Amino acid sequence: MVALMQRRLFCTKISQSYHQLRLQWSVKQVTKSNFNDSLQEFKSHLSSSDFVAVSLQSTGSFSASWHRVSSFDTQETAYLKARRAADRFQLLQFAVCPFIISGSEVTAHPYNFHLFPRDELNIGMPSYSFSCQTSYLTAMAREGFDFNACIYDGISYLSRAQELVAKVRMGNPIAINNVMKPSSQATVADAVFVERVRSRVKHWKKACTDSSSRKTDEVLVKSLRKLVLGGEQYGSRPCMTIDVCSERQVQLVLEMLGEFSDDLVALKIPTKGGGTQAVRVVLTSSKEDRNLFERELQKVEEEQNKKIRGFREVIDLISASQKPVVSHNTLNDFSVIHSKFIAPLPYNMDEFLCSLQSVFPHIFDVNHLMKEIGPLENVTNIHAAVSYLKNRFFAPIDMEISHRASLDQGKMHGKNVVRICHLFAKLCSVLKFIPGAIQSSNENVTSILHGYANVFKSCCGSSQESVDGGIRIWTKSPRKVGCENLVFLWGFRDSLSARMLKSLLQGSHDLFSEGFDVCLVDNSCAIVVFLRPNLSQSFLDVMSSEGITGPLRELVSEGLRAAGYETYKRACSLGLWETDLACSLDKASATPDCFSQSGSETKPSEIYWCNDLMINLEDLCEEDGKEEAKTFRSKVQFWREEVVQSHSFLLFD
């Protein structure tokens, strides 16, 4: 009864109107109970597809407003933000859709996998805790997400790196196929060791194969022989264990076993630290029995690997197929994919891209393809993007979905992956991009594809994710601005708006007589963009000097502080993710710049600046459809509501 009540606490009430949504885009829901059957079906659909679309649903993406990827972020700072979010928040739904584009027709096979990091092998992986963003969980609940199914029947997984560690910790025997001769010459100790092991193996094998002694020996004699020779049973076959102290001794044992007949099979027994503690030798009765034993070992290993990998089997299948992968926000999505299913994320963007492209060679971002069309009106999500293309271009697309779900199957979960397929097909039609050409070996086609694939840009409207998986296309042409022309300001009065702060700065110093712009990052910090080169450094010099005069001195006396873009980059690199950006900049300013002292080359950085690109306070509200704020008080109110929702908490096992 108690267990039933606990399960009901996680139940989600689904309104009747939710069931009336259209059925033609139904998505197959996959949990632990139907994973194996669905995996075989997915393999078949994947092999016959041209592309694979993916869409992720996590427990959050940022803990404070400035933690989200913004227009003033370079690729490196955007990656650091995406890296932090991928490490902190948990993936609960992974929608995958193999699809084929044939002219104006799209055949899609959408699956939505429900995930939960469960330590099924009792080895402390994949996760004991993760963070949640309440607004994300609220949005999932409104869509009818079943948290019971996720927690109790979600599919677990291990990354490739975690799988290697898990196999070592489990200590299961590993078949040894390759025998390498020791690199150095044998020593006296090696000779003594090999001779002792050779004698043991010889007497053990003779005792096992001598049928006359096996019939006449009494139980006591058999027990003594087993104790002296180390004889054991591996299933129905006799075996013995040879203790080793080093990898060199392992090679010596394997080389010595080659002197005997082919009926001996060597297995390595790993230690929990990753080394080898023993070599187990199994005696087979014939060549056929040896082949049968090796097939049994391979089958056991495959079953164990499937249990260890869990959902990662899907990721490995996509990677092995080398199919192009389509996403709506490549940086955020593939940071999560790399962190959860491949290995811990590298510390810089270049290493991340190198590692990622070795697994997924072709990745397309529909957000980037939308920008190829040119300046667009305000398009805030995938549905609006499709509507925009439909109203301005003749590119009809007929969607055929293989799955037909009933009303009670939670068909609407993972629907964004179908929308991505639809949008990608329309973009291919509008841009005259031939989907089948991705398989071509033509050099001209390949060079064209490289212009669309593997673009991980965060600037100029790097799409800021929303709970419903929307994308954002900025309305005005942005201006390219060097990061050296940006100055972060903090320490001003809380009641100041961007317009009021700009007015105060205009009359505070002659530097502000030239063109500049101001916008708030959060309520504690603002960015000043100088449109003429070198003015930013002049302003920083004035701020650090003791001869400040006029209204600027009054602002400084009230606590106004300033720092260049390098301080912001340092805050991100050091992981100073405070709730207020001002606190992070304070700590970064007090920290020595060890990065510049390391002697490593730094690439010049640029961003695309536009008034509409900046995060205004009303933009921090995630829910679509809210009216734009008319006054500064309305903006502050909306921002405060978002901050309350965005504070994350830790969910422990």
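Note that this is a predicted model, so its numbers are computed, not measured.

Here's the deal with the overall build of the protein
Thinking step 1. A tally of helices and strands in the protein yields 26 helices and 21 strands.
Thinking step 2. Residue pairs at least 24 apart in sequence account for 78% of intrachain contacts in the protein once pairs closer than 6 positions are excluded.
Thinking step 3. Counting only carbon and sulfur atoms, one obtains 51% of the accessible surface of the protein, whose full area is about 32000 Å².

Things to note about the packing of helix α8 (residues 188–209) against helix α11 (residues 247–257)
Thinking step 1. Remark: α8 packs on α11, axes separated minimally by 10 Å, with the N-to-C direction vectors making an angle of 50°. Regarding the angle of α8 to α11, the classification is oblique. The chirality of how α8 crosses α11 is right-handed. In contact with Asp190, Phe193, Val194, Val197, Arg198 and Val201 of α8, α11 contributes Arg248, Gln249, Leu252, Val253, Met256 and Leu257.
Thinking step 2. Split into classes, the residues belonging to the contact of α8 with α11 amount to 8 nonpolar, 1 polar and 3 charged.

Describing the pattern of salt bridges
Thinking step 1. Under the definition given, this model contains 20 salt bridges.
Thinking step 2. Residues Lys28 and Glu41 are paired through a salt bridge, measuring 2.6 Å at the closest nitrogen-oxygen approach. Placement of the pair is Lys28 in strand β1 (residues 28–30) and Glu41 in helix α3 (residues 35–47), with a sequence separation of 13 residues.
Thinking step 3. Overall, Lys28 belongs to the partly exposed group, its relative accessible area being 23%.
Thinking step 4. Notably, a salt bridge pairs Glu296 with Arg237, separated by 3.2 Å at the nearest N-O pair. Taken together, the positions of Glu296 in helix α12 (residues 287–309) and Arg237 in strand β9 (residues 237–243) put the pair 59 residues apart, joining distant regions of the chain.
Thinking step 5. Using a relative accessible area of 35% as the deciding quantity, one classes Glu296 as partly exposed.
Thinking step 6. Taken together, the shared-partner salt bridges connect Arg160, Glu163, Arg309, Arg312, Glu313 and Asp316 into one network.

Here's the deal with the packing of aromatic side chains
Any two aromatic rings considered together are summarised by their centre-to-centre distance and by the angle between their planes.
Thinking step 1. For the coordinates displayed, the defined rule picks out 30 aromatic pairs.
Thinking step 2. A ring pair is formed by Phe94 and Phe311, whose centres lie 5.1 Å apart and whose planes are at 50°; its orientation type is tilted. Here Phe311 lies in the loop between α12 and α13 (312–321) and Phe94 lies in strand β3 (residues 91–102), a separation of 217 residues in the sequence.
Thinking step 3. Ring geometry for Phe530 against Phe539: centres 5.9 Å apart, planes inclined by 45°, an arrangement best described as tilted. An identical accessibility class is assigned to Phe530 and Phe539; each is buried.
Thinking step 4. Connected via pairs of aromatic rings, a cluster forms that spans Phe35, Phe42, Phe94, Tyr111, Phe113, Tyr157, Phe311 and Phe341.
Thinking step 5. Note that Arg88 overlies the ring of Phe89, its terminal NZ or CZ placed 5.7 Å from the centroid.
Thinking step 6. The side chain of Lys502 reaches across the aromatic face of Phe516, ending 5.5 Å from its centre.

Thoughts on the pairing of β3
Thinking step 1. Most of β3 sits inside the fold, with 10 of its 12 residues counted as buried.
Thinking step 2. Inspection of the sheet shows strand β2 (residues 51–58) paired to β3 by 8 bridges, in the antiparallel sense. From the neighbouring strand, Val52 faces β3, where its bridge partner is Pro98.
Thinking step 3. Pairing between β3 and strand β5 (residues 111–114): 4 bridges, direction antiparallel. When the sheet's bridge partners are listed, Phe94 is paired in β5 with Phe113.
Thinking step 4. Bridge count between β3 and strand β4 (residues 105–108): 4 bridges; the pairing is antiparallel. Pairing of Ile101 across the sheet is with Val106, part of β4.
Thinking step 5. Joining the antiparallel neighbours β3 and β4 is a turn of 2 residues, in which Gly103 adopts a positive phi near 65°.

With respect to the side chain of Thr31
Thinking step 1. Examined against the element boundaries, Thr31 turns out to sit in the loop between β1 and α3.
Thinking step 2. In terms of polar contacts, Thr31 uses its side chain to reach the side chain of Asp153, at 2.8 Å.
Thinking step 3. Thr31 has contacts with His114, Asp153 and Ile155, leaving out every residue within four places of it along the chain.

A look at the state of the cysteines
Thinking step 1. Applying the stated criterion across every chain yields a total of 0 disulfides.
Thinking step 2. Cys97 carries a free sulfur, and the closest cysteine sulfur to it, the one in Cys421, is 3.5 Å from it.
Thinking step 3. Of the residues examined, Cys97 reaches a relative accessible area of 0% and is grouped as buried.

Some remarks on α11
Thinking step 1. The element α11 is extensively covered by neighbouring structure, given that 8 of its 11 residues are classed as buried.
Thinking step 2. All buried positions along α11 are accounted for by Gln249, Val250, Gln251, Leu252, Val253, Leu254, Met256 and Leu257.
Thinking step 3. Check the buried side of α11 and you find it contacts α8, β9, β10 (264–270) and β11 (276–283).

Topic: the sheet that holds strand β18 (residues 525–530)
Thinking step 1. If you walk across this open sheet you meet the 4 strands as β17-β18-β16-β19, and the pairing is antiparallel. One side of each edge strand has no neighbouring strand; the edge strands of this open sheet are β17 (516–522) and β19 (561–564). Averaged over all adjacent pairs, the angle separating strand axes in this sheet is 25°, with direction ignored.
Thinking step 2. For strand β16 (residues 486–490) and β18, the ladder comprises 5 bridges, and the chain directions are antiparallel. Bridge pairing in β18 places Phe488 opposite Ile527.
Thinking step 3. Along the sheet, helix α20 (residues 498–506) makes contact with β16, β17 and β18, crossing β17 at roughly 140°.
Thinking step 4. Across the face of the sheet, helix α24 (residues 581–589) comes into contact with β16, β17, β18 and β19 while running at roughly 110° to β16.

Thoughts on the nonpolar core
Thinking step 1. Ranked by size, the top nonpolar core spans 42 residues in total, and within it Phe94, Phe113, Phe311, Phe334, Phe352 and Phe360 carry the most contacts.
Thinking step 2. Counting only elements with at least two residues in this core, the list comes to α3, β2, α4 (75–88), β3, β5, α13, α14 (330–342) and α15 (349–357).
Thinking step 3. The greatest single-element share of this core, amounting to 6 residues, is contributed by α14.
Thinking step 4. The contact partners of Phe360, leaving out residues within four places of it in the chain, are Ile315, Ile318, Ser319, Val325, Phe334, Ile337, Ile342 and Asn454.
Thinking step 5. Counting residues in hydrophobic clusters, the runner-up holds 36 residues, among them Phe99, Val106, Ile382 and Ala453.

About the cut-offs
Residues numbered from 1 in each chain as written. Predicted model: local features only at pLDDT ≥ 70, side-chain atom pairs only at ≥ 80, totals over all residues. Heavy atoms only, no water. Helix = DSSP H or I, 4+ residues; strand = E, 2+ residues; numbered from the N terminus. Contact = heavy atoms within 4.5 Å. Areas by Shrake-Rupley, 256 points an atom, 1.4 Å probe, with all protein chains shown as cover. Axes fitted to C-alpha atoms, helices over the stretch in contact; angles between N-to-C directions. Parallel < 35°, antiparallel > 145°, perpendicular 65-115°, else oblique. Left-handed = near helix turned anticlockwise from the far one by under 90°. Nonpolar A, V, L, I, M, F, W, Y, C, P; charged D, E, K, R; others polar. Salt bridge = Lys/Arg side-chain N within 4 Å of Asp/Glu carboxyl O. Buried < 20%, exposed > 50% of the residue type's maximum accessible area, 1.4 Å probe, protein only. Phe/Tyr/Trp six-rings, centres within 6.5 Å; stacked < 30°, edge-to-face > 60°. Lys NZ or Arg CZ within 6 Å of the ring centre and 35° of its normal. Pairing = 2+ DSSP bridges. Polar contact = N/O pair within 3.5 Å; in protein donor to acceptor, adjacent residues only side chain to side chain. Disulfide = S-S within 2.5 Å. Core = buried A, V, L, I, M, F, W, Y, C linked by side-chain atoms within 4.5 Å.

Purely spatial values, then, with no claim about function.
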